[in-house]
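# Architecture at a glance
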Amino acid sequence: MAIQWFPGHMAKARRQVTEKLKLIDVVIELIDARLPASSRNPMIDEIISHKPRLMLLNKADLADDKVTKEWIAYFEAQGHKVLAIDAQSGKGMKEIINACQELVKEKFDKMRAKGIKPRAVRALIVGIPNVGKSTLINKLAKKNIAQTGDRPGVTKAQQWIKVGKEIELLDTPGILWPKFEDELVGLRLATTGAIKDSIMNLQDITVYALRFLGERYPKRLEERYGITAITDDIVEAFDAIGKLRGCLMGGGDVDYDKVSDLVLRELRGGRLGRLTFERPIDLEVSTEGAPE
Ligand code: G4P
């Protein structure tokens with residue numbers, strides 16, 4: 001993640017999104033399907049409270065299908081409209097257009113009843129960095145438009161991008177910060193590559209990733225690295241992978257940085273299969289016993 005989220009930046013990001021909200025009918029909240037809790041902005045409900053919202057679980061191609069279905073049911077139970085998509089391949093684009101129209105139907109019907117001519121539905125895409133906002137804008141627009149979101153010091157006029165006749169998108173998405181003050185959230189975001197490796201220690205991220213795989217997807221670990229169990233001594237797993245894959249230093253000792261680099265590269269590239277790092281049930285567990 002290129003952006004360092006200092007309090008001033010957070011306030012500015014929020015202000016920018018709030019300004020854009022005045023122009024639009026629907027908010028499209030983009031979430032990483034592998035991290036549907038950690039990849040959301042902690043204040044999102046407050047920031048966009050009064051606007052109809054479509055939640056999109058993006059990168060569904062990389063996520064565990066079964067768990068994606070659990071998340072869809074979870075968000076739907078909260079009253080949200082939610083779809084799983086893959087912005088890179090363009091899977092789910094038609095459904096997005098339909099869902100946006102559905103979300104404003106009542107408002108537009110009222111406008112029509114008052115004799116106001118129907119216009120395109122105006123939408124804004126919001127989400128944390130790297131969640132796929134630019135990819136989605138380009139896919140919906142069917143051309144390369146979104147280079148970046150808002151950059152400090154760069155101002156330009158807002159432009160509308162036509163998505164068929166039905167939708168108009170703001171060309172710059174709203175960038176919001178994740179809940180990274182929680183260490184586990186930071187580790188999860190780092191594991192998927194949503195935040196830059198330089199921000200966190202590579203070996204710490206890999207320790208988290210291996211423990212997670214050992215717990216949730218042990219077969220994948222066994223198939224790829226021949227590891228049958230992750231023990232309390234995580235170094236054993238690093239050693240096993242290092243020896244198997246030749247991640248060694250000059251003297252023949254295992255190079256833990258090389259192991260980390262390999263594991264994270266393979267995990268992010270989908271070589272360990274489709275993974276989802278959190279389930280709705282984790283949220284229930286984590287709030288258990290919390291003060292009311
Ligand atoms: P942002 O605007 O929200 O910051 O995100 P952006 O669109 O730049 O996407 C971040 C990365 O996620 C890009 O990869 C993009 O290709 C990838 N991506 C977006 N949507 C999907 C999806 O649905 N599935 C998969 N598998 N990947 C997706 P990158 O490695 O940063 O760039 P590049 O490899 O595309 O050049």
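Named according to an unreviewed UniProt entry, the chain is Ribosome biogenesis GTPase A originating from Priestia taiwanensis. In UniProt, the chain has this text filed under Subcellular location (unreviewed entry): "Cytoplasm". Entered under Sequence similarities (unreviewed entry) in the UniProt record, the comment concerning the chain runs "Belongs to the TRAFAC class YlqF/YawG GTPase family. MTG1 subfamily."

So, about the packing of aromatic side chains. If you walk through the whole model with that rule in mind, you get 8 aromatic pairs. On the numbers, 6.2 Å between centres and 20 degrees between planes, the contact of tyrosine 208 with phenylalanine 212 is stacked. Of this pair, tyrosine 208 and phenylalanine 212 both sit in helix H8 (residues 202-216), 4 residues apart, roughly one helical turn. Each of the two residues, tyrosine 208 as well as phenylalanine 212, counts as buried.

Time to look at the site of the ligand. If you check the shell around the ligand, you find 15 residues, and the closest are Asp61, Asn130, Lys133, Ser134 and Thr135. Threonine 135 is positioned with one of its side-chain polar atoms (N or O) 2.6 Å from an oxygen atom of the ligand. Of the residues forming the shell around the ligand, the biggest block, 3 residues, is contributed by helix H6 (residues 133-141).

Turning our eyes to something else, we now look at the packing of helix H7 (residues 183-192) against helix H11 (residues 256-268). Their axes nearest at 8 Å, the elements H7 and H11 cross at an angle of 80 degrees. Accordingly, the angle class assigned to the pair H7 and H11 is roughly perpendicular. Of the residues in H11, those touching H7 at Ala190, Thr191 and Thr192 are Leu264, Leu267 and Arg268. Residue composition of the contact of H7 with H11, by class: 3 nonpolar, 2 polar and 1 charged.

To continue, consider the nonpolar core. The biggest cluster of nonpolar side chains holds 72 residues, and the ones touching the most others in it are Ile28, Leu56, Ile85, Ile96, Leu136 and Leu169. Of all the elements, H8 adds the most residues to this core, at 6 residues. Contact partners of isoleucine 85, with chain neighbours within four places excluded, come to Leu30, Leu56, Leu57, Asn58, Lys59, Ala60, Lys91, Gly92, Met93, Ile96 and Leu136. Ranked by size, the runner-up nonpolar core spans 16 residues in total, among them Trp5, Ala13, Val17 and Ile175.

What counts, and where the lines are drawn
- Residues numbered from 1 in each chain as written.
- Predicted model: local features only at pLDDT ≥ 70, side-chain atom pairs only at ≥ 80, totals over all residues.
- Heavy atoms only, no water.
- UniProt positions renumbered as here; feature names shortened; annotations may be inferred.
- Phe/Tyr/Trp six-rings, centres within 6.5 Å; stacked < 30°, edge-to-face > 60°.
- Helix = DSSP H or I, 4+ residues; strand = E, 2+ residues; numbered from the N terminus.
- Buried < 20%, exposed > 50% of the residue type's maximum accessible area, 1.4 Å probe, protein only.
- Near = heavy atom within 4 Å.
- Polar contact = N/O pair within 3.5 Å; in protein donor to acceptor, adjacent residues only side chain to side chain.
- Axes fitted to C-alpha atoms, helices over the stretch in contact; angles between N-to-C directions.
- Parallel < 35°, antiparallel > 145°, perpendicular 65-115°, else oblique.
- Contact = heavy atoms within 4.5 Å.
- Nonpolar A, V, L, I, M, F, W, Y, C, P; charged D, E, K, R; others polar.
- Core = buried A, V, L, I, M, F, W, Y, C linked by side-chain atoms within 4.5 Å.

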